[in-house]
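Commentary on secondary and tertiary structure
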Amino acid sequence: MAKYIFITGGVVSSLGKGVAAAGCGALLQSRGYTVHARKFDPYLNIDPGTMSPFQHGEVYVTNDGYETDLDLGYYERFLGAKLTRNDSVSGGRIYWDVLNAERRGDYLGGTVQMIPHVSNRIKEYIGAPIDTDFVVCEIGGTVGDIEGKIFLESIRQFANQVGRRNVMFVHLTLAPYLEKSGELKTKPTQMSVRQLLENGIQADMLIVRTPRMLTADERGKIGMFCNLPAKNVISGIDVDNIYKIPLAYEAQHVFDIIAEHFGLPNASGNMERFQKIENYLGADIPTVNIGVVGKYFDVPDAYKSLNEALFHAGIQNNVHVKIHKINAEDFTPDACNGMHGILVPGGFGTRGVEGKIAAARFARENNVPYMGICLGMQVAVIEFARNVLGIENANSTEFDKNCTPIVDIMPDHDAADMGGTLRLGAYPCEIKPGTRAEQIWGTNKISERHRHRYEVDVKWADKFAQAGMVVSGISPDGRLPEIVEIPSHPFFVAGQFHPEFQSSPYSGHPMFNAFIAAAAKH
Ligand code: GLN
């Protein structure tokens, strides 16, 4: 059975439980252990796909097509874990399951209660068999939240069932610094740990978010009040880049604390992959300017995975990547001055589309490296149809019902079977031999994740090819163009999928790596 590290948080929200959990997981991986991640969100939405990106930032998509919040992305990137719909579970989904079971009569007329019916359902998701040594399991929200109570009760029961040495409780808190008295205050941490204890959970390790390292005295005091050894009180100081966190934990012997708790042998870790990132961050190397032509810039984290993927590709190419936000709604080609590459990311709705089309045109005509993602591919083909093939009213039916549809809802693809809903999750794509896409991915069969409703109509492929834009990747049934490129251009490549969801800080993603390489050259 896998061993579990549960991460809870207290005092305030947004302390970075996900990153802390991933950081602990990374230390285990650096000793050769395998790690999976799960996240439980006590709120009542049945899944995060229905939540406004204006409140929650980007919608992240797993291989199996589940729309999750962006925290899941941290786990996949940091740990390389491949998560599924059963690794991101909300309170709403738990109650939905239980109430549906009740309607089906599964409880045989018994009284359905929070304990055991709801808590058992939570434990089923927590304990679902998984073939890794460890599972880091984050409980969303803050200790004391009413919705969260049943989750704390469930992890308490779970620990009791599988044995306290198979489960570790890590709690994240905040120690605010009071300017006036020049003191770091530990009381909120004490209160938070006490509140956890009221739920029957004794924290085994504390990660205290503070502006500076805790002193030995402060750790001793926290340890005494919170009922754990002072050495298990870790300073979670702010870092300017999240990939520095594993190194910060390593320096504070976090692995040793985890090892002692679970009875693991002592081992020194191979932290090379994080050291490499830290060195890169401080390196005096050229900067590549990338113009991202989008429209969700006022939403924090709306392009989280995209920004990450560009950062990762910078590491691979040994250049810093500076992202310039170019608002599509008032786009003028001037905005592209000084850009080494132009990227049009995904998007929905008419607002800003003409600006994105103009950006694709600028990149094509001026030989500036262009990368298109999802809508970024759709605007590239629309632009090409209008300005190269001369089809003046070329468009997507998403934006103009009376256009010559280059991009449309395909009547007979999977998504249409689902009532015209989104095509979500990983789909295979076949890459044509002799294309730039083949050079980029180094293989002819790839799998990338999707989240869109419309498709480029394949019937245009020959006309496009004659004029210089080729479909270089296509669905195995030959019906859905997945990659287009312009062979005569230094770098003009666009995909119907979202490669950013599979980018890794340790190796980047082939498409982003190639784009940044081309931009650096430009
Ligand atoms: N709006 C487009 C579609 O639904 C593109 C979506 C996207 O870029 N993710 O097909």
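What this report covers is the structure whose coordinates are included nearby. These numbers were taken from a predicted model, which means no experiment stands behind them.

Quick word on the layout of surface pockets
The calculated volume of the largest pocket comes to roughly 940 Å³. In this structure, the largest pocket is lined by 38 residues; those nearest its centre are Ser14, Leu15, Gly16, Lys17 and Asp71. Listing elements by their share of the lining of the largest pocket, those giving two or more residues are helix H1 (17-29), strand E2 (35-41), helix H2 (53-56), helix H3 (71-79), strand E10 (205-210), strand E11 (233-237) and helix H9 (245-251). Here the lining of the largest pocket gets four residues from one element, more than from any other, and that element is H1. Partitioned by chemical class, the residues of the lining of the largest pocket number 18 nonpolar, eleven polar and nine charged. Roughly 450 Å³ of internal volume is contained in the second largest pocket.

Quick word on the side chain of Thr189
Structurally, the position occupied by Thr189 is in helix H7 (residues 187-198). A relative accessible area of 0% means that Thr189 is categorised as buried. When near neighbours in sequence (up to four residues on either side) are disregarded, Thr189 contacts Val11, Thr173, Leu174, Ala175, Leu206, Val208, Ile222 and Cys226.

Focus: the sheet that holds strand E7 (residues 167-174)
Reading across the sheet, the seven strands line up as E5-E2-E6-E1-E7-E10-E11 and stay open at both edges, with parallel pairing between neighbours. The open sheet has two edge strands with one neighbour each: strand E5 (88-90) and E11. Neighbour to neighbour, the strand axes of the sheet diverge by 20 degrees on average, direction disregarded. As judged from the five bridges shared by E7 and E10, these two strands associate in the parallel manner. Its bridge partner lying in E10, Val170 is registered against Met205. Taken strand by strand, helix H4 (residues 91-104) contacts E2 and E5, and its axis lies near 70 degrees from that of E5. Against the sheet, H7 contacts strand E1 (3-9), E7 and E10, and its axis sits at roughly 145 degrees relative to E7.

Some points on the sheet that holds strand E21 (residues 470-474)
With respect to topology, nine strands assemble into an open sheet ordered E13-E12-E14-E15-E23-E22-E21-E18-E19, the strand pairing being mixed. Bordering the open sheet on either side are strand E13 (320-327) and strand E19 (445-452), each of which pairs with just one other strand. Taking the axes of each pair of neighbouring strands and ignoring which way they run, one obtains an average angle of 30 degrees across the sheet. As judged from the four bridges shared by strand E15 (residues 370-373) and strand E23 (residues 492-495), these two strands associate in the parallel manner.

Describing the site of the ligand
Near the ligand you find Gly346, Gly347, Phe348, Cys374, Leu375, Gln378, Glu398, Arg451, His452, Arg453, Tyr454 and His498, and these make up its full shell. The separation between a nitrogen atom of the ligand and a polar side-chain atom of Glu398 is 2.7 Å. A distance of 2.8 Å separates a nitrogen atom of the ligand from a polar backbone atom of Arg451. The protein chains hide 99% of the 290 Å² of surface that the ligand would expose on its own. Contributions of two or more residues to the shell around the ligand are made by helix H14 (375-387) and E19. Residue composition of the shell around the ligand, by class: four nonpolar, five polar and three charged.

Quick look at the packing of helix H12 (residues 304-317) against helix H18 (residues 510-521)
One can describe the packing of H12 onto H18 by two numbers: an axis separation of 8 Å at closest approach and a directional angle of 65 degrees. The chirality of how H12 crosses H18 is right-handed. Facing Leu306, Ala309, Leu310, Ala313, Gly314, Gln316 and Asn317 of H12, the residues of H18 in contact are Phe512, Asn513, Phe515, Ile516 and Ala517. In terms of residue class, the contact of H12 with H18 is built from eight nonpolar, four polar and no charged.

Notes on the nonpolar core
Of all hydrophobic cores here, the largest spans 51 residues; its most connected members are Ile5, Leu28, Leu79 and Met205. Ranked by residues supplied to this core, first place goes to H1 with eight residues. The residues contacting Met205, other than those within four sequence positions of it, are Cys24, Met168, Phe169, Val170, His171, Leu228, Asn232, Ile234, Val254 and Ile257. Val353, Phe362, Ile391 and Phe464 belong to the second-largest nonpolar core, a separate cluster that totals 40 residues.

Rules used in this analysis
- Residues numbered from 1 in each chain as written.
- Predicted model: local features only at pLDDT ≥ 70, side-chain atom pairs only at ≥ 80, totals over all residues.
- Heavy atoms only, no water.
- 1 Å grid on protein atoms, 1.4 Å probe; cavity = no way out; pocket = protein on both sides within 12 Å on 5 of 7 lines; lining within 4 Å.
- Points joined across faces, edges and corners; volume = space filled by probe spheres on them.
- Helix = DSSP H or I, 4+ residues; strand = E, 2+ residues; numbered from the N terminus.
- Nonpolar A, V, L, I, M, F, W, Y, C, P; charged D, E, K, R; others polar.
- Buried < 20%, exposed > 50% of the residue type's maximum accessible area, 1.4 Å probe, protein only.
- Contact = heavy atoms within 4.5 Å.
- Pairing = 2+ DSSP bridges.
- Axes fitted to C-alpha atoms, helices over the stretch in contact; angles between N-to-C directions.
- Near = heavy atom within 4 Å.
- Polar contact = N/O pair within 3.5 Å; in protein donor to acceptor, adjacent residues only side chain to side chain.
- Areas by Shrake-Rupley, 256 points an atom, 1.4 Å probe, with all protein chains shown as cover.
- Left-handed = near helix turned anticlockwise from the far one by under 90°.
- Core = buried A, V, L, I, M, F, W, Y, C linked by side-chain atoms within 4.5 Å.

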